[in-house]
Structure formats: C-alpha cells, structure tokens
Amino acid sequence: MTPFFISWTAEHFCKVTEKILRAYQKEQKLHQSLLLRIADSTDPDILLFYLSCWTYQPYLDHTIEKELNCMIKETRHV
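This write-up is about the structure you can find in this document. (Residues numbered from 1 in each chain as written. Predicted model: local features only at pLDDT ≥ 70, side-chain atom pairs only at ≥ 80, totals over all residues. Heavy atoms only, no water.)

## Here we look at the overall build of the protein chain
Next up, step 1: A count of helical and extended segments in the protein chain gives 3 helices and 0 strands.
Next up, step 2: Counting from the amino terminus, the protein chain carries its helices and strands in the arrangement α-α-α.
Next up, step 3: The C-alpha radius of gyration of the protein chain comes to 17 Å, more than 25% above the 12 Å expected for a compact globule of 78 residues.
Next up, step 4: For the protein chain, the share of sequence-separated contacts (at least 6 apart) that also reach a separation of at least 24 residues comes to 73%.
Next up, step 5: As displayed, the protein chain offers around 6300 Å² of accessible surface, 61% of which is attributable to carbon and sulfur atoms. (Helix = DSSP H or I, 4+ residues; strand = E, 2+ residues; numbered from the N terminus. Rg over C-alpha atoms; globule rule 2.2 N^0.38 Å. Contact = heavy atoms within 4.5 Å. Areas by Shrake-Rupley, 256 points an atom, 1.4 Å probe, with all protein chains shown as cover.)

Quick look at the structure:
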C-alpha cells in the first residue's frame, strides 16, 4: 500500500484542512453579505467598492494559498 502522505501526520493534515476550511467559510460569508448589498445598491461608486471587496479576498491570504499548495504536494496530486 502507498501511504497517503509523504511526511505529514494525519493530525497535521486535519489541522491544515480545518484552517483552510475556516478561511473559505469566512470568505463565503463575506461574499454573501456583499451580494445582499449589491442587490440593494444603484450607486456606481458603491458598486465598484463592493467589487473591489469581492476581488480582494481578505481571508484567503498568502499563507492559506501556500498551505493549500503544500497539501497538494504532500498528497502527490501535483
């Protein structure tokens, strides 16, 4: 049998997975809130502000991206 991970323990994999999941859940809540606000707005300046908030993705920072890439490499899905 081929091991699922190269060097990580199952516990470490779970911790990283939970951290990534929490970040994406926060991002989803933000996007849901923005959708409600966009639906009620007609001011172009405010809509541009909401668009910039949408694309900025404050909860998906560099560390989340790095951990996700490490997870992919660790499970040999590269």
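## Focus on the pattern of salt bridges
Next up, step 1: Taken as a whole, this structure holds 2 salt bridges when the rule is applied.
Next up, step 2: A salt bridge links Lys 15 to Glu 11, with the nearest nitrogen and oxygen atoms 3.5 Å apart. Residue Lys 15 and its partner Glu 11 are both found in helix 1 (residues 10-39); the two are separated by 4 residues, about one turn of the helix. (Salt bridge = Lys/Arg side-chain N within 4 Å of Asp/Glu carboxyl O.)

## Describing the side chain of Glu 74
Next up, step 1: You can see Glu 74 is positioned in helix 3 (residues 62-74).
Next up, step 2: Put simply, Glu 74 is tucked away with no salt bridge, and the nearest opposite charge, on Arg 76, sits 7.0 Å away.
Next up, step 3: Within the structure, Glu 74 has its side chain in polar contact with the backbone nitrogen of Ile 6 (distance 2.8 Å).
Next up, step 4: Of the polar contacts made by the side chain of Glu 74, one reaches the backbone nitrogen of Ser 7; its length is 2.2 Å. (Buried < 20%, exposed > 50% of the residue type's maximum accessible area, 1.4 Å probe, protein only. Lys, Arg positive; Asp, Glu negative; His and termini not counted. Polar contact = N/O pair within 3.5 Å; in protein donor to acceptor, adjacent residues only side chain to side chain.)

Interpretation note: all reported values are geometric properties and have no functional meaning in isolation.
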